[in-house]
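# Survey of secondary and tertiary structure
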Amino acid sequence: MRKYIFNNIGIFIVLFTLISCDDLLDIYPKDTLTDKGLSFSQTEMEMYSNQFYPSLPGSLSSWAWTSDGSSDNNVPAIYGWGDGGLTFGTQTVPSSGGGWNFGQIRSVNFFLENYSKSKESSNVKQKYLGEILFWKSFFYFNLLKNFGDLPWLTKTLNVDSEELMGPRISRSIIADSILNLLDRSIEMLPVKSQTDPGRIHKDVASLLKARIALYEGTWERYHANDAFKGDGRDVNRFFTQAAEAAEAIIESNRYNLYDEYADPALPQNFSYWRLFSSPSQELSKNPEVLLAREYSYSLNLTFWGQQIRTSGGPDGQGISKSLVDAYLCADGLPTTLSPLYKGDATIENVSANRDLRLKMTVLTPGMPVKIFKGVTDKFQLPLLTLTPWPNTTGYQIYKWLSPFIANEDESGNYTSTGVPVFRYAEALLILAEARAELGTCTQDVLDRTINQLRSRVGMPKLMLTGQTSVGFSDPNWDFPNLSPLLNEIRRERRVELAFEGFRTDDLFRWNATHLLQAPRLGSKIEQWRNKPFSPAYNVDEVSKTRMNAEGYISPYFDKTGEGKIGFDPAKNFLYPLPTDQLVLNKNLSQNPGY
């Protein structure tokens, strides 16, 4: 039975039957693997690695909103929602817990200490060693993002281990160590075609390496003069590694951008949208997807997919005006410069003549939201008056919503849409940004990266008219002190990867305090007057507490007025360590500002 599931359904299905998830049945396996008595047979090594797969992102019962929930792409109804209040400045020092947990590091170290006792061939051992090295890198990267400096643990610890009383090591050294682990992982892992469906492979490890190297390089460059800096060494080593790892994926010719989708219910060039609304069995074969999190209707491993249609998101969510403004017009110019821009008085106006990815991310009137037994329901109005989970801004998410209900019942309780976790587009964006940071981004680089993404949605190319100039100057660039080229690469990244879990990390690594503090706004409120909401939407009443001076919905107006979000750049780039750990280990220091 195990072989059938692994080879024909995909490893994630097995994983979800083994490990309880918030959106699946609370089932625990009868054959749960423990550390005791392991001989490290192939089956045992496989099962040992399996326990870590649910740590990957993409639980779609809430992923559509939580992925960018605390970033400037999103406006949660509850001030401070999404990351414990870190980006809103409401984070407090926990007495215990708070994410300072090395249990997964201990688990991978146990494997690394003991796998050599296996009697399997070196090729078999090497494959699973490559997976475990990937997981150690993955877990350490999450800790690095949350806490900065860390202890580096190379063995399993006991209550009396000296390492428990050790200090934290510079984040720069931690990042170097993570990348070294990934080099070993890449060397040992097979390519995707030689791997069981759904398992970690060489290109996934390469993409993680590129992601981490770019993250750390930009973090250390843009935090070089504050309390969150690295150890002062040349950060170009990170950009070089990011570029090389991304280039290896591109040059392998094993992947390409998906652009073959067509359906009479949807506009042309909607392949990008289909990436996030594909059944798992379709997504696993998609040429753009390196690794996906898969679900299965036949095994009852599903989630409430139509929640994206029937609610505004957990506790109330909405896409921000800031994200909507970021999309270029169809002529390749920003809204501040393009004669095609029709203004933002209505959703119809703001989405007209724009990069098609806007309509593939934000619901606009007339788009199908439910297709069941030949009947199509189309979007009309955002869920501004829904209780208890309203839309907060008038801009409601379309990315991740699949209107096609086939095996699922009409309620949409049994959706099996897959979730791309690692995809080729990210490699293109990493290469462009890393080369720009190195000062070596040419038109050829743009044509192989950014312009491939733009071509898929029918957008004009990004053209260099000088070393870093792009033929126009946007007065509303997010980073006016940086080059036009970097601004446009960062814009492309924001648009392409919206609501895939990258935006908050990007703002943190770029030291973008001004964007983290900017008021979270929505659509023009007047457009909703006298519309057939049920229950009714009283524009005059709402305007008293949730509208700014320019007439935009401002969900926090009664709390912050026209002022900034409470993000504190003196401390909120990292989480605090819990008090109990500082008491237990006097060699640990608290993060800045707490």
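Going along each chain's sequence as written, the residues are numbered from 1 onward. Owing to the predicted nature of the model, reporting of local features is limited to residues with pLDDT of at least 70; listing and counting of side-chain atom pairs is limited to 80 or more, with chain, interface and lining totals taken over all residues. Where side-chain values are given, they derive from all heavy atoms of the structure, hydrogens and water being excluded.

## Thoughts on the overall build of the protein chain
Counted only if it meets this: Helix and strand labels come from DSSP, where a helix needs a run of H or I of at least four residues and a strand needs a run of E of at least two; each type is numbered from the N terminus. Two things to know: the radius of gyration comes from C-alpha atoms, and the globule rule equals 2.2 Å times the number of residues to the power 0.38. Throughout, exposure labels follow a simple rule: accessible area from a 1.4 Å probe, protein chains only, divided by the maximum for the residue type, with under 20% read as buried, over 50% as exposed, and the rest as partly exposed. Only the protein chains shown count as cover for residues, with accessible areas throughout obtained via the Shrake-Rupley method and a probe of 1.4 Å. Here Asp and Glu are counted as negative and Lys and Arg as positive; His is not counted, and neither are the chain ends. Charge positions come from single atoms, namely NZ of Lys, CZ of Arg, CG of Asp or CD of Glu.
Looking only at helices and strands, the protein chain features 23 helices and four strands. Relative to the globule expectation of 25 Å for 594 residues, the C-alpha radius of gyration of the protein chain, 24 Å, shows essentially globular dimensions. Projected onto its principal axes, the C-alpha coordinates of the protein chain cover approximately 70 × 55 × 50 Å. Within the protein chain, the proportion of its 594 residues that are buried is 59%. Surface summary for the protein chain: the accessible area is close to 23,400 Å², and the carbon and sulfur share equals 50%. The centroid of the 60 positive side-chain charges in the protein chain is displaced by 1 Å from the centroid of its 67 negative side-chain charges.

## Structural notes on helix 18 (residues 484–496)
As a reminder of what qualifies: By this rule the span expected of a helix is its residue count minus one, scaled by 1.5 Å.
With 13 residues, helix 18 extends 18 Å from end C-alpha to end C-alpha; this agrees with the ideal 18 Å at 1.5 Å per step. Across the 13 residues of helix 18, 12 count as buried, placing the element largely inside the fold. The complete set of buried residues in helix 18 reads Leu485, Leu486, Asn487, Glu488, Ile489, Arg490, Arg491, Glu492, Arg493, Arg494, Val495 and Glu496.

## What about empty space enclosed by the protein?
Heads up, the condition is: Each cavity reported here is a set of points on a 1 Å grid over the protein atoms alone in which a 1.4 Å probe fits but cannot get out, each pocket an open set with protein on both sides within 12 Å along at least five of seven lines, and each lining residue one with an atom within 4 Å of a point. Grid points are joined across faces, edges and corners, and a volume is the space filled by probe spheres set on the points.
Within the structure shown, the criterion is met by six cavities of 30 Å³ or more. What the largest cavity holds in volume is close to 60 Å³. As for the largest cavity, its lining consists of 13 residues, and the residues nearest its centre are Trp65, Gly312, Gln317, Gln396 and Ile397. Taken as a whole, the second largest cavity encloses approximately 40 Å³ of empty space.

## Considerations on the packing of helix 3 (residues 42–50) against helix 6 (residues 122–147)
Worth spelling out the cut-off: Orientation is described by lines fitted to C-alpha atoms, with helices fitted over the stretch in contact, and by angles between N-to-C directions that extend from 0 to 180 degrees. For classification, angles of less than 35 degrees are called roughly parallel, those exceeding 145 degrees roughly antiparallel, those between 65 and 115 degrees roughly perpendicular, and all remaining angles oblique. Each crossing is labelled by how the near helix is turned from the far one, with a counterclockwise turn of less than a right angle marking it left-handed and a clockwise turn marking it right-handed. Only heavy atoms matter for contacts: two residues are in contact if any of them lie within 4.5 Å across the pair. The classification used treats Ala, Val, Leu, Ile, Met, Phe, Trp, Tyr, Cys and Pro as nonpolar, Asp, Glu, Lys and Arg as charged, and all other residues, Gly among them, as polar.
Put simply, helix 3 and helix 6 touch, their axes get as near as 10 Å, and they point 15° apart. Between helix 3 and helix 6, the interaxial angle falls into the category roughly parallel. You can see that helix 3 and helix 6 cross each other, and the crossing is left-handed. On helix 6, the residues that touch Gln42, Met45, Glu46, Tyr48 and Ser49 of helix 3 are Val124, Lys125, Lys127, Tyr128, Glu131, Ile132 and Trp135. Taken together, the residues of the contact of helix 3 with helix 6 break down into six nonpolar, two polar and four charged.

## Description of unusual backbone geometry
Omega for the peptide link from threonine 387 to proline 388 comes to 10°, which places this bond in the cis form. Residue position: proline 388 is located in the loop between strand 3 (375–378) and strand 4 (419–423). Cis geometry marks the peptide bond from serine 534 to proline 535; its omega dihedral reads 0°. On the secondary structure map, proline 535 appears in the loop between helix 20 (513–517) and helix 21 (539–546). With a phi angle near 60°, phenylalanine 40 is a residue other than glycine that sits in the positive phi range. If you trace the backbone, phenylalanine 40 turns up in the loop between helix 2 (11–18) and helix 3. Since its relative accessible area comes to 1%, phenylalanine 40 is described here as buried. One non-glycine residue, asparagine 353, lies in positive phi territory at about 60°. Secondary-structure assignment places asparagine 353 in the loop between helix 14 (347–351) and strand 2 (368–372).

## Digging into the nonpolar core
The line we're drawing: Definition used in this section: a nonpolar core is a set of buried Ala, Val, Leu, Ile, Met, Phe, Trp, Tyr and Cys residues joined via side-chain atoms within 4.5 Å.
Of all hydrophobic cores here, the largest spans 107 residues; its most connected members are Phe134, Trp135, Tyr140, Leu150 and Phe422. It is helix 6 that provides the largest number of residues to this core, a total of 14 residues. Setting aside anything within four residues of it in sequence, one finds tryptophan 135 in contact with Ser49, Phe52, Tyr53, Leu56, Val108 and Ile200. Counting residues in each nonpolar core, the second largest holds 51 residues, with Val362, Leu384, Val457 and Ile525 among its members.

## Some points on the pattern of salt bridges
Two side chains carrying opposite charge are able to pair once their charged atoms lie near each other. Counted only if it meets this: Each reported salt bridge corresponds to a side-chain nitrogen of Lys or Arg within 4 Å of a carboxyl oxygen of Asp or Glu.
Applying the stated criterion across every chain, the model contains 39 salt bridges. One salt bridge in this structure joins arginine 233 and aspartate 231, with 2.9 Å as the shortest N-O distance. Note on arginine 233: relative accessible area 38%, which makes it partly exposed. Given a relative accessible area of 35%, aspartate 231 falls into the partly exposed group. The shortest N-O distance in the salt bridge between glutamate 492 and arginine 454 comes to 3.0 Å. Of this pair, glutamate 492 sits in helix 18 while arginine 454 sits in helix 17 (residues 450–456); the two residues are 38 residues apart in sequence, bridging distant segments of the chain. According to the relative accessible area criterion, glutamate 492 is buried, its value standing at 2%. You can call arginine 454 buried: its relative accessible area is 3%.

## A short note on the packing of aromatic side chains
Each pair of aromatic rings is reported with the distance of its centres and the angle of its planes. What counts, and what does not: Two aromatic rings from Phe, Tyr or Trp, using only the six-membered ring of Trp, form a pair when their centres are within 6.5 Å; if the ring planes differ by under 30 degrees the pair is stacked, by over 60 it is edge-to-face, and anything between is tilted.
A full pass over the atoms with the stated rule returns 41 aromatic pairs. On the basis of an interplanar angle of 85° and a centroid distance of 5.9 Å, the ring pair of phenylalanine 88 and tyrosine 556 is categorised as edge-to-face. You can see phenylalanine 88 sitting in the loop between helix 4 (63–66) and helix 5 (103–114) and its partner tyrosine 556 sitting in the loop between helix 21 and helix 22 (557–560), a full 468 residues away along the chain. Note on accessibility: phenylalanine 88 and tyrosine 556 belong to one class, buried.

## A short note on the side chain of threonine 87
What counts, and what does not: Here a polar contact is recorded for every N or O atom pair within 3.5 Å, except that within protein the pair must consist of a potential hydrogen donor and a potential acceptor, and residues adjacent in sequence are included only if both atoms are side-chain atoms.
The topology assignment puts threonine 87 in the loop between helix 4 and helix 5. A polar contact of 3.1 Å, which involves the side chain of threonine 87, links it to the backbone oxygen of serine 70.

## Focus on the pairing of strand 4
Quick note on the threshold: Pairing between two strands requires that DSSP report at least two bridges joining them.
With five of five residues buried, strand 4 is to be regarded as a mostly interior element. Inspection of the sheet shows strand 1 (residues 289–293) paired to strand 4 by four bridges, in the antiparallel sense. Its bridge partner lying in strand 4, arginine 293 is registered against valine 419.

## Some remarks on the packing of helix 8 (residues 202–222) against helix 15 (residues 424–438)
Orientation of helix 8 relative to helix 15, taken along the N-to-C sense of each, is 35°, at an axis distance of 10 Å. The interaxial crossing formed by helix 8 with helix 15 has left-handed handedness. Residues Leu207, Ala210, Arg211, Leu214, Thr218, Arg221 and Tyr222 of helix 8 form the contact with helix 15, whose own contacting residues are Glu426, Ala427, Ile430, Glu433, Ala434 and Glu437. Looking at the contact of helix 8 with helix 15, its residues break down into seven nonpolar, one polar and five charged.

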